[in-house]
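# Commentary on secondary and tertiary structure
The chain contents come next:
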Amino acid sequence: MLTVALPKGRIAKETLEIFETIFGDGFKFDDRKLILETPNFRFLLVRNQDVATYVYHQAADIGVVGVDTLEEQGLDVVRLLDLHRGVCKVSIGMRVGEKLDLTKLELKVASKMVNITKRYFEERAVSVEIIKLNGSVELAPLIGLADMIVDVVETGTTMKQNGLEVVEDIMTSSTYLIANKNSYIAKKDEVLDIYEKINAVIQTEQKA
Ligand code: PRP
C-alpha cells in the first residue's frame, strides 16, 4: 500500500486520470472527502504547499508537486519523474515599460516565494527588501508597495491584465512525482512499479 499526497485542484484531477489510464476506473474522491482508498493506494487531498511536507515526514510515501514549490520549500525528498504538467515559470515582473536595474539601491520585491527571490538576488549580490505576500502579488507594484514582483507565470494573463510584464525569468517549473527518502528504500518495489507505469503513460503522451 502506498500513500499518495495530491494537491487539491487541477493537478490532483490530472494525476487521478493517469491512475485511471493505468488501472481503470475508481480513482475519484467523494464530494468533500480528503481520503480516497483503493486496493493498492491511499490518496490524500492536501494543499499544494503541504504536499512536500506530507512526503518529507512520510505521512505520504509519494506525492505530486511543482518544482517551484519544491525549490521554495527546500525539503529533502526524491524527485522521481517530470509529469510534464503544470508547466510554468517563476519570473520577475514590473510595470510595463520599466527596466530591471539591479544597481538601484533599496529595491523592494513582493513575492509569495521569498526563498527563491532571496536566492536570486543574493547570487547577484544585490541587496533588496523582500515583502512576503500570500496572493494577488500583481497588485504590489501598481500601488507602490514594491518595485517588482517574483511570481508564477503560466499564461501571462494575470500580469498582462494588471499592466505588468516579465523582465526576467528565474526558473522553469513543472509538476513532479516525488517520494519520501525512506519509502523509496523500504517500499522500493512498489515505488518503482508505479514510477514505471506513470512514466510509460507520460512517454506515450510525449510521443503523441
Ligand atoms: C498564480 C500566480 C499568478 C497567476 C499566473 O496564482 O501567482 O497570479 O497564477 O497565472 P497566469 O500567468 O496564467 O495568469 P494562483 O492562481 O496559483 O493563485 P494564488 O495567488 O492564490 O497562488
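Keep in mind that this is a model prediction, so the values were computed, not measured. (Residues numbered from 1 in each chain as written. Predicted model: local features only at pLDDT ≥ 70, side-chain atom pairs only at ≥ 80, totals over all residues. Heavy atoms only, no water.)

### Remarks on the site of the ligand
Around the ligand, the neighbouring residues are Lys112, Gly135, Glu138, Asp151, Val152, Val153, Glu154, Thr155, Gly156, Thr157 and Thr158. In this structure, an oxygen atom belonging to the ligand sits 2.4 Å away from a side-chain N or O atom of Thr158. When the free accessible area of the ligand is taken as 500 Å², the share hidden by the protein chains comes to 60%. Elements supplying a minimum of two residues to the shell around the ligand: β9 (148-153) and α6 (157-161). Counted by class, the shell around the ligand contains 2 nonpolar, 5 polar and 4 charged residues. (Near = heavy atom within 4 Å. Polar contact = N/O pair within 3.5 Å; in protein donor to acceptor, adjacent residues only side chain to side chain. Areas by Shrake-Rupley, 256 points an atom, 1.4 Å probe, with all protein chains shown as cover. Helix = DSSP H or I, 4+ residues; strand = E, 2+ residues; numbered from the N terminus. Nonpolar A, V, L, I, M, F, W, Y, C, P; charged D, E, K, R; others polar.)

### Examining unusual backbone geometry
The residue His84 is not glycine, and still its phi comes out positive at about 55 degrees. With respect to the helices, strands and loops of the structure, His84 is situated in the loop between β5 (78-82) and β6 (88-95). A positive phi angle is found at Ala125, which is not glycine, with a value near 55 degrees. When you line up the elements, Ala125 lands in the loop between α4 (114-123) and β8 (128-132).

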